[in-house]
Amino acid sequence: MTNTGIHINSAGEISYRIFAPYAHSLAVKCLDNGKCYPLDRDDSGYFTGILPDFREGFRYLLVKNGSETFPDPASRYQPEGSHGPSQAIFPIRQPASSWQGTDAADAIIYELHLGTFTPEGTLRGALKKLPYLRDLGINVIELMPLSDYPGKRNWGYDGTYPFALSRNYGSYDDLHDFIAKAHDNGIAVILDVVFNHFGPEGNYSEKLAPFTKKAPTPWGAQINFDDHSSSGIRSFFLDCVRHWLEDTGLDGFRMDAVSVIYDETVPHILREITDLARSIGTAQNRKIIMIAEHLRNESSVTAENGYAYDAQWCDDLNYAVYSWLYPQSFRHYRDFGRFEDIVLALKEGFCYNGTRYNSVFDNFMGVTGQNVPPERLIMHIQDHDQVGNRPEGGRIVTVMGLKRALLAALTLFASPYVPMLFMGEEYGEKSPFLFFEDFGDAGLIEAVKKGRRKEFSFIQGFEPEDPHQESSFLKSKLKWYPEDSEPEINVPARKTLRFYQELIRLKKSDIIGSHDRKKCQVADYPKTGIITITGDRSITLLNFGGGPAEAEDYGISKQSRLILTTDTEKTAQTDPFIIPGYAGAVYEI
């Protein structure tokens, strides 16, 4: 594959290459040595050239048609922001010979946003937490998008430089160190990438080629993967895949909203991406994890004769459990709220299975999940979307209390699916995760505010936090639980953390939540709100009813040993075979 942007060619020369059919002439203007390097155009619309006397670290701009200057859409680094000059960086990974990766089916995933994960909000800040995540039992970190975006803060889905590590998070050396130290702790690092749209500010790609087309996504125009001049755009994004997996050494992707990546080409761009990722993994003798956020519940996403992702996100268990424990009537939650939804999600994965109307998409959606292996579904009880798009950015423990939140967590881990945590969930973090941005365009800032008001217009008189104010970002930072605080403040957090550590241990040991449905038998008792999940080594009792349940009534012998309970206040005097309402327990068979 030929590199895009500034790179070192096979002869060891600093070179430049870009697809730019909109330009008659193109040059690289170096701001540090004052030279301008004209590029040669070929018949297919590519401009290429050698850049003698150019050095790593030099800042530069592109010059189109002799007069128009702007940053490089293929920039690896934007030290002065989205509208400033680009910087020549060659982030070549130093391969670790012993690291062979993590199998996607064995993943315990931890989703985090670098800016709010630690007080520093950087890769170096997050690096300090790697031993903590190791001890928790995490073996895959999913970083929310790192690509450069306007301003100092953003969720990351408004990126405009797909290749560029955001300056707000640190340097490529920092990223390489983070990945290497994560590997030392037995943790793979995957990246959330956005290949379905560009952010609304700072996108200069349209000056070079038709990178987008008019067909919309919920966030703007689609990336042009199959229309006029699309071959160069496909190559641009495929090289971006190579950049993040080869140059930085990341262990895979979670790909954002691939259901709005439209492509009539054969093979589909999504299949080209997974094939490329697999080839990189084979060449480097390591496992690459590829996860798709598709959310339309289609088995082709993970099928070998389809897009061949290792797994896809599925929100249905979240919707089912959440809506039962805390009834609500907005977004997808209004399609749920029945006990049988939880049972269906546990048994088959997909609740939107072609027979259920999706009121958000105004259509029937999905196929049966019976034929989708459980290890190919990523489930959760909260993620950045589910928390950040609630009216006050409320986490599950804030919305419904710790007792029900722990029942939801036990349901997730006892299910046959691959579990994912959202940062801070494991100790009951109560800080909100709000939507925030730092755009520079006044009209855009106001449009975002209006959009958030419209999003929550179902609550009369509600005024959401201003996404543009720095306070929204600062409020979203994890507060953790200070080691030097009063003991009574730390007790709930410590108990919750120990509970999650044990959940993860049981899942990893295949004591609960086997991926084999035959070893994860679900039985339901609608009259009492009880669900049992029976495996070879344990039986999990989930009490979604309001009253206490006697374990013996559901096939649990009094000779069984209690392994784990959501009742963190249980004492030695408490009957281990009485499960309070909205609680759960795991017993050894």
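Everything that follows concerns the structure shown earlier in this document.
Residues numbered from 1 in each chain as written. Predicted model: local features only at pLDDT ≥ 70, side-chain atom pairs only at ≥ 80, totals over all residues. Heavy atoms only, no water.

1. Let's talk about the packing of aromatic side chains
Across all of its chains, the model carries 37 aromatic pairs by this definition. Pairing Phe330 with Tyr333 gives two aromatic rings, centres 5.5 Å apart and planes at 55 degrees, and the pair type is tilted. For the pair Phe330 and Tyr333, one class covers both residues: buried. On the basis of an interplanar angle of 10 degrees and a centroid distance of 5.5 Å, the ring pair of Phe577 and Tyr587 is categorised as stacked. In this pair, Phe577 sits in the loop between strand S28 (562–565) and strand S29 (578–579) while Tyr587 sits in strand S30 (residues 583–588), placing the two residues 10 residues apart along the sequence. (Phe/Tyr/Trp six-rings, centres within 6.5 Å; stacked < 30°, edge-to-face > 60°. Buried < 20%, exposed > 50% of the residue type's maximum accessible area, 1.4 Å probe, protein only. Helix = DSSP H or I, 4+ residues; strand = E, 2+ residues; numbered from the N terminus.)

2. Overview of the sheet that holds strand S10 (residues 109–112)
Reading around the circumference, S10-S11-S14-S17-S18-S19-S22-S23 is the order of the 8 strands in this closed barrel, with parallel pairing throughout. Each adjacent strand pair in this sheet contributes to an overall mean axis angle of 30 degrees, direction not counted. Helix H11 (residues 402–414) contacts strand S22 (377–380) and strand S23 (418–422) of the sheet and is inclined by roughly 145 degrees relative to S23. (Pairing = 2+ DSSP bridges. Axes fitted to C-alpha atoms, helices over the stretch in contact; angles between N-to-C directions. Contact = heavy atoms within 4.5 Å.)

3. Regarding the packing of helix H7 (residues 316–325) against helix H8 (residues 339–348)
When two helices pack together, their arrangement is captured by the angle between the axes and the distance separating the axes. Between H7 and H8, whose axes approach to 8 Å, the crossing angle comes to 155 degrees. Here H8 runs roughly antiparallel to H7, going by the angle between their axes. In this structure, H7 crosses over H8, and the sense of that crossing is left-handed. Contacts between H7 and H8 involve Asp316, Leu317, Ala320, Val321 and Trp324 on the former and, on the latter, Phe339, Asp341, Ile342, Ala345 and Leu346. (Parallel < 35°, antiparallel > 145°, perpendicular 65-115°, else oblique. Left-handed = near helix turned anticlockwise from the far one by under 90°.)

4. Let's talk about the packing of H7 against H11
Look at H7 against H11: their axes get within 11 Å of each other, and the N-to-C directions meet at 150 degrees. By the angle between their directions, the pair H7 and H11 is classed as roughly antiparallel. Like other packed secondary-structure pairs, H7 and H11 cross with a definite hand, here right-handed. Residues Leu317, Val321 and Leu325 of H7 form the contact with H11, whose participating residues are Arg404, Leu407, Ala408, Thr411 and Leu412. Here the contact of H7 with H11 is built from residues that sort into 6 nonpolar, 1 polar and 1 charged. (Nonpolar A, V, L, I, M, F, W, Y, C, P; charged D, E, K, R; others polar.)

5. Remarks on unusual backbone geometry
Negative phi characterises most residues that are not glycine, and trans characterises most peptide bonds. Following Val266, the chain continues to Pro267 via a peptide bond in cis, the omega torsion being 0 degrees. In this structure, Pro267 sits in the loop between strand S17 (252–255) and helix H6 (269–284). One non-glycine residue, Ser229, lies in positive phi territory at about 60 degrees. For Ser229, the location among the structural elements is in the loop between strand S16 (220–223) and helix H5 (230–247).

6. Section: the environment of Ala74
Mapped onto the secondary structure, Ala74 falls in the loop between strand S8 (68–70) and strand S9 (86–87). Residue class for Ala74 comes out buried when judged on its relative accessible area of 1%. Between the C-alpha atom of Ala74 and that of Asp239, which follows or precedes it by 165 residues, the distance is 9.9 Å. Look past the residues within four positions of Ala74 in its chain and what remains in contact with it is Thr4, Gly5, Ile18, Phe163 and Phe236.

7. Things to note about the sheet that holds strand S2 (residues 14–19)
Ordered by their spatial adjacency, 4 strands build an open sheet running S1-S2-S6-S5, and the pairing between neighbours is antiparallel. Two strands close off the open sheet at either side, each with one partner strand: strand S1 (5–8) and strand S5 (40–41). Bridging between S5 and strand S6 (residues 46–50) involves 2 bridges; their strand directions are antiparallel. By the bridge assignment, Arg41 is partnered in S6 with Phe47.

By themselves, these are just geometric observations and shouldn't be taken as functional.
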